[in-house]
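# Structural overview
Listed here are the chains, written in short residue letters.
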Amino acid sequence: MSDTKDDGGPAYPISLPGWGDNGAQGMSLRDHFAAAAMGAFLSNRQMYLAMLADRGSAYPDEYIAREAYRQADAMLEARKP
């Protein structure tokens, strides 16, 4: 079993002449989903305070980042047929 997470591929792939397979792929879809989730967590004061109260870690920033990726992984899973 592999520990590699499905990253959903590039979120904003672009093709640059002469770059071949090493072209600018952009961030992964998983990173994009996590950034969107984190933005929602941090922009909603009630959600942010609830997450801090239930953080399960001495470091709230790390907890919120982990939770954002947990949400991203759920979104990637929901996309599967």
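Quick look at the structure, then. Note that this is a predicted model, so its numbers are computed, not measured.

Scoring rules and cut-offs
- Residues numbered from 1 in each chain as written.
- Predicted model: local features only at pLDDT ≥ 70, side-chain atom pairs only at ≥ 80, totals over all residues.
- Heavy atoms only, no water.
- Helix = DSSP H or I, 4+ residues; strand = E, 2+ residues; numbered from the N terminus.
- Contact = heavy atoms within 4.5 Å.
- Areas by Shrake-Rupley, 256 points an atom, 1.4 Å probe, with all protein chains shown as cover.
- Salt bridge = Lys/Arg side-chain N within 4 Å of Asp/Glu carboxyl O.
- Buried < 20%, exposed > 50% of the residue type's maximum accessible area, 1.4 Å probe, protein only.
- Polar contact = N/O pair within 3.5 Å; in protein donor to acceptor, adjacent residues only side chain to side chain.
- Axes fitted to C-alpha atoms, helices over the stretch in contact; angles between N-to-C directions.
- Parallel < 35°, antiparallel > 145°, perpendicular 65-115°, else oblique.
- Left-handed = near helix turned anticlockwise from the far one by under 90°.
- Nonpolar A, V, L, I, M, F, W, Y, C, P; charged D, E, K, R; others polar.

What follows deals with the overall build of the protein chain. Assigned secondary structure in the protein chain consists of three helices and zero strands. Along its sequence from the N terminus, the protein chain presents helices and strands in the succession α-α-α. Taking as baseline every contact in the protein chain between residues at least 6 positions apart, the subset at least 24 positions apart corresponds to 42%. A total accessible area of about 6,000 Å² is found for the protein chain, and carbon and sulfur atoms account for 55% of it.

With that settled, consider the pattern of salt bridges. Scanning the model with the defined rule gives three salt bridges in all. Between D73 and R30 there is a salt bridge; the shortest N-O distance is 2.5 Å. With D73 in helix α3 (residues 60-79) and R30 in helix α1 (residues 29-43), the pair connects residues that are 43 residues apart, well separated along the chain. Assessed through its relative accessible area of 21%, D73 is described here as partly exposed. Judged by its relative accessible area of 16%, R30 is buried. Note that E67 is salt-bridged to R70, the shortest N-O span being 2.6 Å. Separated by three residues within a single helix, E67 and R70 lie in helix α3, roughly one turn from each other. Taking the relative accessible area as the measure of exposure, E67 reaches 15% and is therefore buried.

Turning to its location among the elements, S28 is positioned in the segment before α1. Taking relative accessible area as the criterion, S28 reaches 12% and is therefore assigned buried. A polar contact is formed between the side chain of S28 and the backbone nitrogen of D31, at a distance of 3.0 Å.

On to the packing of α1 against α3. At a closest axis distance of 8 Å, the pairing of α1 and α3 adopts a crossing angle of 125°. Judged by the angle between their axes, α1 and α3 are oblique. For the pair α1 and α3, the crossing hand works out as right-handed. Judged by residue contacts, L29, R30, D31, F33, A34, A37, M38, F41 and L42 of α1 engage I64, A65, E67, A68, Y69, Q71, A72, D73, M75, L76 and R79 from α3. Here the contact of α1 with α3 is composed, by residue class, of 14 nonpolar, one polar and five charged.

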